[in-house]
Amino acid sequence: MLELLTVVSLTIVVAIVPGPDFAVVLRNALIGGRLAGIMTALGIALALGVHITYALAGIGLIVSQSILLFNALKLIGAAYLIFLGVTMYRTASREMPAGGAQSGMPPMRALRWGFLTNVTNPKATMFALSVFLQVTSPSTALWTQIGYGVIMASGVFLWFVLVTLFFTLPAVRQQFVRAKLWMERSFGVLLTLFGIGIAVTTNSTRP
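Here is what the cut-offs are and how they apply
Residues numbered from 1 in each chain as written. Predicted model: local features only at pLDDT ≥ 70, side-chain atom pairs only at ≥ 80, totals over all residues. Heavy atoms only, no water. UniProt positions renumbered as here; feature names shortened; annotations may be inferred. Helix = DSSP H or I, 4+ residues; strand = E, 2+ residues; numbered from the N terminus. Buried < 20%, exposed > 50% of the residue type's maximum accessible area, 1.4 Å probe, protein only. 1 Å grid on protein atoms, 1.4 Å probe; cavity = no way out; pocket = protein on both sides within 12 Å on 5 of 7 lines; lining within 4 Å. Points joined across faces, edges and corners; volume = space filled by probe spheres on them. Contact = heavy atoms within 4.5 Å. Polar contact = N/O pair within 3.5 Å; in protein donor to acceptor, adjacent residues only side chain to side chain. Core = buried A, V, L, I, M, F, W, Y, C linked by side-chain atoms within 4.5 Å.

Looking at an unreviewed UniProt entry, one finds the protein chain named LysE family transporter and attributed to Roseibium salinum. The heading Subcellular location (unreviewed entry) in the UniProt record of the protein chain holds the text "Cell membrane".

Right, dumping it as structure tokens:
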């Protein structure tokens with residue numbers, strides 16, 4: 001029971017703390033509408049499933065013991081976030097629809113954005129490692145650990161669906177769309193800063 005409560009608590013904390021995942025979900029939901037936001041959330045959940053899978057498979061143990069490998073993964077994630085942020089900033093005025101209309105972002109594109117953002121996110125890596133290397137014990141049954149993984153991915157997905165539903169309410173969304181250029185460029189700057197922050201702290205952190 002203590003393990004379960006710890007997993008649920010960690011999932012809630014990791015989900016609600018703003019980061020690259022939140023920025024991408026919010027951006028896609030405001031531009032593409034609810035379906036785009038939900039598909040982005042699904043992509044994030046699927047990517048978290050990747051982190052959970054390699055943690056369960058034991059690869060997480062290797063990553064946690066290899067500072068070189070862990071830092072390489074962090075740099076890859078940082079490079080992607082910087083690329084994504086710069087892309088957002090440069091395309092802000094072209095992609096953000098005028099007058100509050102939704103752009104109809106292709107669902108698979110939204111899913112891909114969510115997946116790539118999370119799968120290269122060091123926070124998601126550390127989340128999976130902390131659960132399966134520190135919270136669970138060798139005596140925890142495999143099916144129980146798989147159940148924890150389902151709870152983690154489902155919890156994160158549910159949170160971002162709720163975020164999408166709230167920020168796509170007409171009255172709420174309209175407030176954001178009025179400052180559409182500023183908002184889109186802010187998301188770009190935010191993701192770029194996340195990436196730079198990860199890159200500059202890579203050599204000073206251990207898994």
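A.B. asks: When you look at the environment of Thr-87 in this model, what are you seeing that I'm missing?
C.D. replies: By the secondary structure assignment, Thr-87 is in helix 5 (residues 67-90). According to the relative accessible area criterion, Thr-87 is partly exposed, its value standing at 26%. Taking C-alpha positions, Thr-87 is 9.6 Å from Thr-192, a pair spaced 105 residues apart along the chain.

A.B. asks: What exactly am I supposed to notice about empty space enclosed by the protein here?
C.D. replies: One simple way to see leftover space: roll a probe sized like a water molecule over the atoms. For the structure on display, the rule yields one cavity of 30 Å³ or more. In this structure, the largest cavity encloses a volume near 100 Å³. If you trace the largest cavity, you find 15 residues lining it, with Val-14, Asp-21, Asn-118, Lys-123 and Phe-160 closest to the centre. Every element with two or more residues in the lining of the largest cavity is listed here: helix 1 (2-16), helix 2 (20-32), helix 3 (34-56), helix 8 (122-135) and helix 9 (142-167).

A.B. asks: Before we go on, may I ask you to explain the environment of Phe-160 in this structure?
C.D. replies: Here Phe-160 lies in helix 9. C-alpha of Phe-160 to C-alpha of Thr-40: the two residues are 120 residues apart in sequence and 8.5 Å apart in space. Each residue touching Phe-160, except ones within four places of it in the same chain, is listed here: Ala-15, Asp-21, Phe-22, Val-25, Ala-41 and Ile-44.

A.B. asks: Teacher, can you tell me more about the side chain of Arg-27 here?
C.D. replies: Take Arg-27: it is sitting in helix 2. One polar contact links Arg-27 to Asn-28, side chain to side chain, over a distance of 3.0 Å.

A.B. asks: What am I meant to see in the nonpolar core here?
C.D. replies: It is characteristic of soluble globular proteins that their nonpolar side chains tend to be buried jointly. The biggest cluster of nonpolar side chains holds 25 residues, and the ones touching the most others in it are Leu-48, Phe-132, Met-152, Phe-160 and Phe-167. Elements with a minimum of two residues in this core: helix 1, helix 2, helix 3, helix 8 and helix 9. Counting residues per element, this core draws most heavily on helix 9, at seven residues. Apart from the residues within four sequence positions on either side, Phe-167 is in contact with Phe-22, Leu-26, Leu-30, Val-172, Arg-173 and Phe-176.

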